[in-house]
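# Geometric and topological summary
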4 protein chains.
Amino acid sequence: MNHHLSSREHKAQNSVVPVGEVQVGARRLVIMAGPCTVEDEDSLLKTALAVQASGAQVLRGGAFKTRTSPDAFQGLGETALQMLAKAKEKTGLPVATEVTDVREIDLVGQCADILQIGSRSMQNTVLLKAVGRCGHPVLLKRGFANTIDEWLAAAEYILAGGNERVILCERGIRTFENSTRFSLDILSVPVVKSRSHLPIIVDPSHAAGNRELVGAVARAAIAAGADGLLIEVDCCPDATKVDGRQTITTGQFAELMPQLCAVAQAVGREL
Amino acid sequence: MNHHLSSREHKAQNSVVPVGEVQVGARRLVIMAGPCTVEDEDSLLKTALAVQASGAQVLRGGAFKTRTSPDAFQGLGETALQMLAKAKEKTGLPVATEVTDVREIDLVGQCADILQIGSRSMQNTVLLKAVGRCGHPVLLKRGFANTIDEWLAAAEYILAGGNERVILCERGIRTFENSTRFSLDILSVPVVKSRSHLPIIVDPSHAAGNRELVGAVARAAIAAGADGLLIEVDCCPDATKVDGRQTITTGQFAELMPQLCAVAQAVGREL
Amino acid sequence: MNHHLSSREHKAQNSVVPVGEVQVGARRLVIMAGPCTVEDEDSLLKTALAVQASGAQVLRGGAFKTRTSPDAFQGLGETALQMLAKAKEKTGLPVATEVTDVREIDLVGQCADILQIGSRSMQNTVLLKAVGRCGHPVLLKRGFANTIDEWLAAAEYILAGGNERVILCERGIRTFENSTRFSLDILSVPVVKSRSHLPIIVDPSHAAGNRELVGAVARAAIAAGADGLLIEVDCCPDATKVDGRQTITTGQFAELMPQLCAVAQAVGREL
Amino acid sequence: MNHHLSSREHKAQNSVVPVGEVQVGARRLVIMAGPCTVEDEDSLLKTALAVQASGAQVLRGGAFKTRTSPDAFQGLGETALQMLAKAKEKTGLPVATEVTDVREIDLVGQCADILQIGSRSMQNTVLLKAVGRCGHPVLLKRGFANTIDEWLAAAEYILAGGNERVILCERGIRTFENSTRFSLDILSVPVVKSRSHLPIIVDPSHAAGNRELVGAVARAAIAAGADGLLIEVDCCPDATKVDGRQTITTGQFAELMPQLCAVAQAVGREL
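These figures come from a predicted structure and were not determined experimentally.

When you go through chain A residue by residue, the secondary structure sums to 9 helices and 11 strands. The globule rule puts the C-alpha radius of gyration for 271 residues at 18 Å, and the 17 Å found for chain A is close to it. C-alpha atoms of chain A, sized along the principal axes, occupy 45 × 45 × 40 Å. For chain A, the residues scored as buried account for 66% of the 271 residues in total. In chain A, 69% of the contacts between residues at least 6 apart in sequence involve partners at least 24 apart. Summed over all atoms, the accessible surface of chain A reaches about 8,800 Å², with 45% contributed by carbon and sulfur. Between the averaged position of the 28 positive side-chain charges in chain A and that of its 30 negative side-chain charges there is a distance of 2 Å.

This is the structure in structure tokens:
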């Protein structure tokens, strides 16, 4: 398919998406770090301060979650948004959080600097059209069973609405391999770079599904040319209700950042 | 996972979902037929009368569509709903149509007898919760990349809201095979029957992606124990904007129905 | 790809492969039944007599097995071939068994009436070329991760060697669905029928991985137009070392056959 | 499954596989480069000299090929082995080449320093057992549709025969993504490292299927912790009969090596 607005043919130069003073898609890589889901104020702030100290430039954290089962914890909603707002106030870090309901875009947008479209919403065209009409940067995660072509078509929905601030995020695809939660499609990074001017970051946490594997994939993503990472970090991941097993500790994050910095320099980027 | 409300443990007997005078899940199979997308009033009525004459008991037709690309035809929306209402009035056939936007459930529900949740919306939990609070039967299509377990979990969202009228619909999964549009997972029929009391029908059209293959899969679905079919039929499929290649003609449908009837009898059902 | 020798363009009429007095691909369906792996003489004979009494026309049984792990039971080899020869002598049923080693084709061919190429050997071109030079009918199972196109290309290797007696066997493909062992690609039956003149049968046992699901898929395969079945049956499946869970009992087989007969008649075939 | 001989439980320390004076699995990475298929003596020698000058330590090149279709070029066989032997004599580079036929192991072993088991042969247990009894290092490519568990089980066949010189090679898996030939499973590198003591290298060429994507994946593989690469390089890739589109030029290889060296140093390795 020919996706006009996201294509290199439409715009040859790399797009840089500003998020406050942070530039996503520039020479300097952007690391977005924080808990999968916001669960309490103290942990969130502690985590935010720690990832900031290690060099993260954006705080991530889930307020509204799309869970497979109705019995699973669905996020704290507005309460979580308030916690994120406080952490942002204290650290100055811009905040990325997911929006799942078309009726809550304004609500989420009051707190969030980046609206995240989750993997299960990538083909929710109602939601895509709506965020295409707002002014916020949008982090568009790849659907875990969608081709790169379908992903760029989803970006096209947002761009067609007039919102040019789209950041793509590879987070792993569903395959037959069962020793990891998903299979990270590392080739999607150079494929997207060749076809589109949009910045692309990688979420190493959801694909790995296991914190011991996150570092290797994070390093690989940067070596492959990603513009940054969206990574799950928590001060106490084993106490969390959602995805704790794949969340690295703030201590592990502090050790990982210099490694990422070294790889970034090896490929002509900085961190 | 243990999905309480949809499980055989919760309810041993098969559920029968009433749609007007039609019973989905009873001994008599239910065939839902019609165009992929409603495009004009005359064709719709002509198709509706033809499928009714051949034995279809529900008219299907898309008004709001979730398309991969924003440049693709997105359905006629409210105009299509009005056309469906007219066809329903003239034929007496109950109508099944997709709802994609949580804000339009009431609007669609004024015309539709069955609210369809499309494959790309199966994990749109906002939409699932909302149709779980309405009184309409819900046709829940399997996500093309979702496991049977995730599908039953999606049904659980609807059941948990108090709406017991859930009909499952297998429509093919995404695999590496590239000679068909999707791979119809025929085993899902007996797996669902063993695990759940909910009725399950099969959509042979989307998986096949080619009208010459539809008949064989439709016969197979009934032989495997499905409670009915959701099938794309149009009086002039080659003139349609959406999925015409996989839509059988009203003439092919008239030939297919006696074959389906014979297979139904061979497995102790009727049509 | 254009596979000349297997194509409808090369030969418009359906090929019928003779196996002794049995005709595979004719109006009458052929059921090949027996244990996954031959483990002892008494059970084999008891099973052979039972499936023959129920209407099976070919006895299947494994002598040489390709197992994932070297610690798994690898089959009884020549001893199993002798047991198959005795069962054949007593029942008159032709025998189908797998050949895995190019150096053992003559050995296996002395006992077997049909040489089976297993799923994991479908792209073993050394083996394909070798059976293409022998006079035996070859049962070519689809590789569990191979497209229909690659499957027909594998058949082409055998046909190109001068052996026209090729029977295709769909046995399920590897997908993300994890409630069944493999996903049976029911659409492969009409796709193969449209593209090739070769007969195609279906193995419902390996895909299901669970004997309670086998009947539904067997009925579906016949309704879809398959020319027969390769089905795992054993007098005491719970005592077997290999794949017992997916093997139906001779009692279940006796109940299944009249059902298959009814479906066969519904689609204009006989059994 | 518990694969005893390949596991970290059996042997905690990383295995180093010697190939002449080259050590695979040591701190220094090993790059194996050369044409997909040996097609003529001059090109082979020219390519061998060029990759050696850029730092490759092993020459790769196919003599016996497993092709999907019998009409495709099947490799030059013995003639190619002689060409490889000459190139080895002139450059001193050890040679890696595939063996496909159990009857040709001795023949191939006379020329080859590393016997390669191709992706389509990974579950050819007859071949695995045979190379397990020879003294050559074995490069075991992952089957494109096999899990990591099945891959380690295949290694177990070789180890169980007494041959401890096994090198694993990730080369991409078959998924639904269709913009690349296969999807490189980058997570397999840290998963294998955590479970097994065997060295693992990565083939970036087959997964990419496009030479413009090879560099990014090669860098990513090293960043993820691979012990080396198996990479298709040719002095004139556009003139080759097999896989030319995914083969980088000797010029591109010369540019890539310093980049790989920088990434290697960033992750504590050398090249």
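Residues and elements named next belong to chain D. Per the stated rule, a full pass over the model turns up 0 disulfides over all chains. Take C235: it sits in no disulfide, and the sulfur closest to it among the cysteines is that of C236, at 3.7 Å. With relative accessibility at 17%, the residue C235 sits in the buried group.

Take chain D, turn it by 180°, move it 0.0 Å along the axis, and it overlays chain A with an RMSD of 0.0 Å. The transformation relating the two chain copies, once decomposed into turn and shift, fits a two-fold axis. Considering only C-alpha atoms, the part of chain D nearest the rotation axis is A220 of chain D, at 2.0 Å. Counting the interface residues of chain D, we find that 100% of their copies in chain A are interface residues as well, pointing to one common contact surface.

Quick look at the interface of chain A and chain B now. It is common to give the size of an interface as the accessible area lost on bringing the parts into contact. The partner chain B presents 27 residues to the 27 residues of chain A that form the contact. On the chain A side of the contact with chain B, T68, Q123 and Y157 of chain A bury the most area, a combined 23% of that side's loss. Linking chain A to chain B there are 2 salt bridges. For the salt bridge of R174 of chain B with E150 of chain A, the shortest nitrogen-to-oxygen distance reads 2.6 Å. Inspection of the region where chain A meets chain B yields 14 residue pairs in polar contact (both at pLDDT 80 or more). Counting only elements with at least two residues in the side of chain A that touches chain B, the list comes to helix 4 (125–132) and helix 5 (148–160) of chain A.

In this complex, chain D contributes 35 residues to the contact, which on the side of chain A involves 35 residues. Regarding the contact of chain D and chain A, the summed buried area is about 2,600 Å², with carbon and sulfur atoms giving 76% of it. Counting every contact that joins chain D to chain A gives 2 salt bridges. Of the charged contacts, one joins E177 of chain D and R142 of chain A as a salt bridge, the two residues approaching to 2.8 Å between their closest N and O atoms. In this structure, the connection of chain D to chain A is made through 6 residue pairs in polar contact (both at pLDDT 80 or more).

The next subject is the side chain of Q123 of chain A. Secondary-structure assignment places Q123 of chain A in the loop between strand 6 (114–117) and helix 4. Relative accessible area serves as the criterion here: at 9%, Q123 of chain A is assigned to the buried category. Apart from residues lying up to four places away in sequence, Q123 of chain A is in contact with N146 and E150 of chain A together with T66, T68, R120 and F144 of chain B.

Before going further, it helps to examine the pairing of strand 10 (residues 228–234) of chain B. Residues and elements named next belong to chain B. Burial runs high along strand 10: 7 of the 7 residues are buried. Side chains G228, L230, E232 and D234 project from strand 10 onto one buried face, and the interleaved L229, I231 and V233 project onto a second face that is buried too. Sheet analysis places strand 3 (residues 30–34) next to strand 10, joined by 5 bridges and oriented parallel. Residue M32 lies in a different strand from strand 10, and its bridge partner there is L230. Sheet topology note: the strand 10/strand 11 (residues 248–249) ladder contains 2 bridges and is parallel. If you follow V233 over to strand 11, its bridge partner there is I248.

Below, the discussion takes up the nonpolar core. Judged by nonpolar contacts, the single largest core of 326 residues is most densely connected at L140 of chain A, L140 of chain B, L140 of chain C together with L140 of chain D. Non-local contacts of L140 of chain C, meaning those with residues more than four positions away in its chain, are made with I117, M122, L128, W151, A154, A155, I158, V166, I167, L168 and C169 of chain C.

With that out of the way, let us pick up the packing of aromatic side chains. In the structure shown here, the tally under the stated rule is 4 aromatic pairs over all chains. Taking 5.4 Å as the distance between ring centres and 35° as the angle between the ring planes, the aromatic pair formed by F144 of chain A and F182 of chain A counts as tilted. Of this pair, F144 of chain A sits in the loop between strand 7 (138–141) and helix 5 while F182 of chain A sits in the loop between strand 8 (166–170) and helix 6 (188–195), and the two are 38 residues apart along the sequence. Each of the two residues, F144 of chain A as well as F182 of chain A, counts as buried. One cation-aromatic arrangement involves R171 of chain C over F182 of chain C; the distance from NZ or CZ to the ring centre is 4.2 Å.

All names here are of chain B. One can describe the packing of helix 1 (residues 41–54) onto helix 9 (residues 250–266) by two numbers: an axis separation of 9 Å at closest approach and a directional angle of 10°. The pairing of helix 1 with helix 9 is recorded here as roughly parallel in orientation. At the point where helix 1 passes helix 9, the crossing takes the right-handed sense. Side by side, helix 1 and helix 9 meet where T47, A50, V51 and S54 of the first sit next to T250, F253, A254 and M257 of the second. For the contact of helix 1 with helix 9, a count of residues per class yields 5 nonpolar, 3 polar and no charged.

Going through the model one piece at a time under the given rule, you end up with 56 salt bridges over all chains. Residues joined by salt bridges that share partners form a network here, namely R142, E170 and D185 of chain A together with E177 of chain D.

Scoring rules and cut-offs
Residues numbered from 1 in each chain as written. Chains lettered and ligands numbered in written order. Predicted model: local features only at pLDDT ≥ 70, side-chain atom pairs only at ≥ 80, totals over all residues. Heavy atoms only, no water. Helix = DSSP H or I, 4+ residues; strand = E, 2+ residues; numbered from the N terminus. Rg over C-alpha atoms; globule rule 2.2 N^0.38 Å. Buried < 20%, exposed > 50% of the residue type's maximum accessible area, 1.4 Å probe, protein only. Contact = heavy atoms within 4.5 Å. Areas by Shrake-Rupley, 256 points an atom, 1.4 Å probe, with all protein chains shown as cover. Lys, Arg positive; Asp, Glu negative; His and termini not counted. Charge placed at Lys NZ, Arg CZ, Asp CG, Glu CD. Disulfide = S-S within 2.5 Å. Least-squares fit on C-alpha atoms with pLDDT ≥ 70 in both. Buried area = accessible area lost by both parts, 1.4 Å probe. Salt bridge = Lys/Arg side-chain N within 4 Å of Asp/Glu carboxyl O. Polar contact = N/O pair within 3.5 Å; in protein donor to acceptor, adjacent residues only side chain to side chain. Pairing = 2+ DSSP bridges. Core = buried A, V, L, I, M, F, W, Y, C linked by side-chain atoms within 4.5 Å. Phe/Tyr/Trp six-rings, centres within 6.5 Å; stacked < 30°, edge-to-face > 60°. Lys NZ or Arg CZ within 6 Å of the ring centre and 35° of its normal. Axes fitted to C-alpha atoms, helices over the stretch in contact; angles between N-to-C directions. Parallel < 35°, antiparallel > 145°, perpendicular 65-115°, else oblique. Left-handed = near helix turned anticlockwise from the far one by under 90°. Nonpolar A, V, L, I, M, F, W, Y, C, P; charged D, E, K, R; others polar.

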